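Close look at the chain arrangement
Chain residues, written in single-letter form:
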Amino acid sequence: MDPVELFGYVLAVMGSVAFIPQIQLLLKSKSGEGLDLFMFSLLDFITCIVTTLCIKSGLDISNWLEVIVTNIQVFTINLLARYYLQQHRQISIVIALKLLLICILYLTPLPWIKGFMSCMLPVALIERSRSVYTHYKNKSTGQLSGTTLALQWTQFSGRIFTSVMAGAEVGLILPHFINSFFTTIILGQYLWYKPSGKQEKSE
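Residues numbered from 1 in each chain as written. Predicted model: local features only at pLDDT ≥ 70, side-chain atom pairs only at ≥ 80, totals over all residues. Heavy atoms only, no water.

1. Things to note about the overall build of the chain
Within the chain one finds eight helices and zero strands. Secondary structure elements in the chain, listed N-terminal to C-terminal, are α-α-α-α-α-α-α-α. The C-alpha radius of gyration of the chain comes to 17 Å, within 12% of the 17 Å expected for a compact globule of 203 residues. For the chain, the spread of C-alpha atoms along the three principal axes comes to 55 × 40 × 30 Å. Here the chain, with 203 residues, has 45% of them falling under the buried criterion. Taking the intrachain contacts of the chain between residues at least 6 apart in sequence as the baseline, contacts between residues at least 24 apart amount to 83%. Within the structure as shown, the chain displays about 10,900 Å² of accessible surface, and the carbon and sulfur contribution to it stands at 70%. (Helix = DSSP H or I, 4+ residues; strand = E, 2+ residues; numbered from the N terminus. Rg over C-alpha atoms; globule rule 2.2 N^0.38 Å. Buried < 20%, exposed > 50% of the residue type's maximum accessible area, 1.4 Å probe, protein only. Contact = heavy atoms within 4.5 Å. Areas by Shrake-Rupley, 256 points an atom, 1.4 Å probe, with all protein chains shown as cover.)

In structure tokens form, the structure reads like this:
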């Protein structure tokens, strides 16, 4: 096993646990308030597409293992948050749409998936920008877990390196770059606004 492949598996492990702190925070607080559910739904959608793209492109499992695990965790967060927000009907709709998406992606040819992924990038840019602005406007990152953000930043940044070394196409590298860029900003917002959150609690 070469060093790049080994690093890929290390990132896979990090990706596998990245959202566990967020899930723990949800279970502890029993509240989905402050979470951007549209962002998590979009992340669920995009990670589904990226996983399919990697598998159908024939990339080694070390390059996409954590993406599918991340997808499962994001989906869990989406359902838990909606459960605590009493959005029971939306939970049924989300599950039905997820199953439909999996079936569609399984049957969709690779060139179509690549084209659709390219169309999704502007949507991801707009949504992530909206999240950054919302945090700035509210002077808070809500129920986001700092540990999850730190692990995500390491995961996405490392994936840029492993994807380049594996000879992946730009279409596979660009989502990692976008995620790394915006996660850096959101992590900075979390660290910046966290002291004021502690001060409010003490008051």
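We are not done yet, so read on.
2. Overview of a nonpolar patch on the surface
Taken together, Leu-6, Phe-7, Val-10, Phe-161 and Met-165 make up a surface patch of nonpolar side chains, about 450 Å² in accessible area. Elements represented by at least two residues in the nonpolar patch include exactly helix 1 (3-17) and helix 7 (146-165). With three residues, helix 1 is the single largest residue contributor to the nonpolar patch. Tracing the sequence through the fold places Met-165 in helix 7. (Patch = residues over 30% accessible without salt bridge, like charges linked within 9 Å, V, L, I, M, F, W, Y side chains within 5 Å. Salt bridge = Lys/Arg side-chain N within 4 Å of Asp/Glu carboxyl O.)

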